[in-house]
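Survey of secondary and tertiary structure
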Amino acid sequence: MNETSMKLAERMVSVTYLQQAAEARAAHEKKIKILIEQGKCPIDGWDDATIELLVNDFALMDSNNFRHNSGVGEREAKIFSGLVARRHYGMGHGVGRSGDIAEVQPKAAGSSLLNKLTNTMVLDVIRTVGVKKAAGCLVVPLATGMSMVLCLLTLRRERPSAKYVLWPRIDHKSCFKSIITAGFEPVVVENRLEGDELRTDVAEIKRLITSLGPESVAAVMTTTSCFAPRCIDNLEEVAKLCAEFGVPHLVNNAYGLQSSKCLHHIQEAGRVGRVDAFVQSTDKNFMVPVGGAIIASFNTKFIEEVGKMYPGRASASPILDLFITLLSMGVKGYKQLLGERKELKTFLTRQMEEVAQKHGLRVLNTKNPISVAMTVPSDAHTSLTELGSMMFLRGISGTRVIATTDVKTIAGVKFIGWGSHSKNYPHPYLTAAACIGITKMDVETFVQRLDKCLEKFKGSKAPVSVLSVNGDKEAVTSTGEVVDEDSID
């Protein structure tokens, strides 16, 4: 209630009680005032009541929630389902305008304000956790791959004669397909094997820029976060090359925002050379549903151009999710999660080393800050894919078992050794990652089940391969024998 309503309420409720209520509400409103005034992520996370107070206020600022509004256009945020309306807090106009996703939407002052605040809060977090010189960012309702497409299309306008994107190999289809979707020709740069680790072949990138001609190269697309035994690309040296030859440099930082090491390399690359943008996923870094990404840059002009490249209005759902989550976490909460993740990465590595030693295997020696790779038995009775099936059957998700012999063709390009980031990696292996939100119990459960799976895999001639979809939780062995899930170790 406003001051006038509170004054009228004194006829029915004691002034003392009303003053207490007013002071309590003022505490909520003070947080909101500071947020709008500073545009920074709060240090301490907010309670749900304060967050909902603000979001509901924003919703009332959108025209579809005006009591007097009569919408006669083709898009008036008319929402049929009450469930859907409540899911979105009554905000249905989205963000941006047809010419720019970052523009204010005239019909949606509240949603526009929410969008602006989300971008400034995210930029504050990026600077706080490691990339201090980041100049701007844009949260888009696209996953990482399509966000890379948006960046590449922005570069196309600047370099209309460019044809190629140089891409140090990372075996993830969305990265490669983003280049194809943007209309460029990918040039795959194979990684160099040094010990157990796969590293960037900087000399080959330089040779390709020179031989193809800098003007024909749309960008070099490097990667930070990836599955071991691949490591973070040598961003600093690539950035120097891009600055020397005037070639744009895009960094796929999909889940690297949670890693201080990834962020350090981005910061340094921006300092010593050229980095046009670095792109990261919202769900992988902030524990929200899939559907959003953050495009950040050391150059505000590039961010503005990306915003103008987005066609049409955009969904506000991923932005609303991130806005609420940032307010709930606060800077302290996010930093605490990052610290816990880092500690659990060390714990995961140590636990996998113990299991590896028990089974005559070893953890590969890499400097990957998130992912751990461990060799797997290569002389077992069955295909290595069975090991992955065993773990999935026992509730272990996210692991990858790599045979290093698979071949996959994507858009006419053949990748030998698909999954291993290399055409001739010497060891089959499996990977596990310590990402934000992981718990000690997750690690302990994984290691216990991995141990049992390795025991069974090494000695089994009829391993479990298929889990039935009926309610009896049965599994089928390669010999066709049906067994109850409870009988599987």
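All values derive from a computational prediction rather than experimental measurement.

A cluster of nonpolar side chains, M12, V13 and Y17, forms an exposed patch at the surface whose accessible area comes to about 360 Å². You can see Y17 is positioned in helix 2 (residues 15-38). Residue class for Y17 comes out exposed when judged on its relative accessible area of 55%.

Quick look at the sheet that holds strand 1 (residues 136-140) now. Adjacent strands of a sheet pair through backbone hydrogen bonds, lying either parallel or antiparallel. Taken together, seven strands build an open sheet; the order of strands is 1-9-8-7-6-2-3 and the sheet is mixed. Here the strands that pair on one side only, and so sit at the sheet edges, are strand 1 and strand 3 (185-189). With strand direction ignored, the average angle separating the axes of adjacent strands in the sheet is 20 degrees. The sheet contacts of helix 7 (residues 173-181) involve strand 2 (164-168), strand 3, strand 6 (217-223) and strand 7 (249-252), and relative to strand 3 the element is tilted by about 145 degrees. This element, helix 12 (residues 300-309), spans strand 1, strand 7, strand 8 (277-281) and strand 9 (293-297) of the sheet and lies at about 20 degrees to strand 1.

Our next topic: the layout of surface pockets. The volume enclosed by the largest pocket comes to roughly 810 Å³. What lines the largest pocket is a set of 34 residues, and nearest its centre among them are F227, S397, G398, A433 and C435. When contributions to the lining of the largest pocket are tallied by element, the ones reaching two or more residues are helix 6 (144-158), helix 7, helix 11 (282-286), strand 14 (429-433) and helix 15 (440-459). The element that contributes the greatest number of residues to the lining of the largest pocket is helix 15, accounting for five residues.

You can see S371 is positioned in strand 10 (residues 371-375). A distance of 3.0 Å separates a polar side-chain atom of S371 from the backbone nitrogen of A228.

A few words now on the environment of G273. Along the chain, G273 turns up in the loop between helix 10 (260-272) and strand 8. Dropping the residues within four chain positions of it, G273 is found in contact with A239, K240 and A243.

Right, let's talk about the UniProt feature "binding site: pyridoxal 5'-phosphate" (unreviewed entry) in the protein chain for a bit. Residues given the UniProt feature "binding site: pyridoxal 5'-phosphate" (unreviewed entry) here are R75. Turning to its location among the elements, R75 is positioned in the loop between helix 3 (48-60) and helix 4 (82-87). The residues touching R75, leaving out its near neighbours within four places in the chain, are H93, K107 and R313.

Each value, and the rule that gives it
- Residues numbered from 1 in each chain as written.
- Predicted model: local features only at pLDDT ≥ 70, side-chain atom pairs only at ≥ 80, totals over all residues.
- Heavy atoms only, no water.
- Patch = residues over 30% accessible without salt bridge, like charges linked within 9 Å, V, L, I, M, F, W, Y side chains within 5 Å.
- Areas by Shrake-Rupley, 256 points an atom, 1.4 Å probe, with all protein chains shown as cover.
- Salt bridge = Lys/Arg side-chain N within 4 Å of Asp/Glu carboxyl O.
- Helix = DSSP H or I, 4+ residues; strand = E, 2+ residues; numbered from the N terminus.
- Buried < 20%, exposed > 50% of the residue type's maximum accessible area, 1.4 Å probe, protein only.
- Pairing = 2+ DSSP bridges.
- Axes fitted to C-alpha atoms, helices over the stretch in contact; angles between N-to-C directions.
- Contact = heavy atoms within 4.5 Å.
- 1 Å grid on protein atoms, 1.4 Å probe; cavity = no way out; pocket = protein on both sides within 12 Å on 5 of 7 lines; lining within 4 Å.
- Points joined across faces, edges and corners; volume = space filled by probe spheres on them.
- Polar contact = N/O pair within 3.5 Å; in protein donor to acceptor, adjacent residues only side chain to side chain.
- UniProt positions renumbered as here; feature names shortened; annotations may be inferred.

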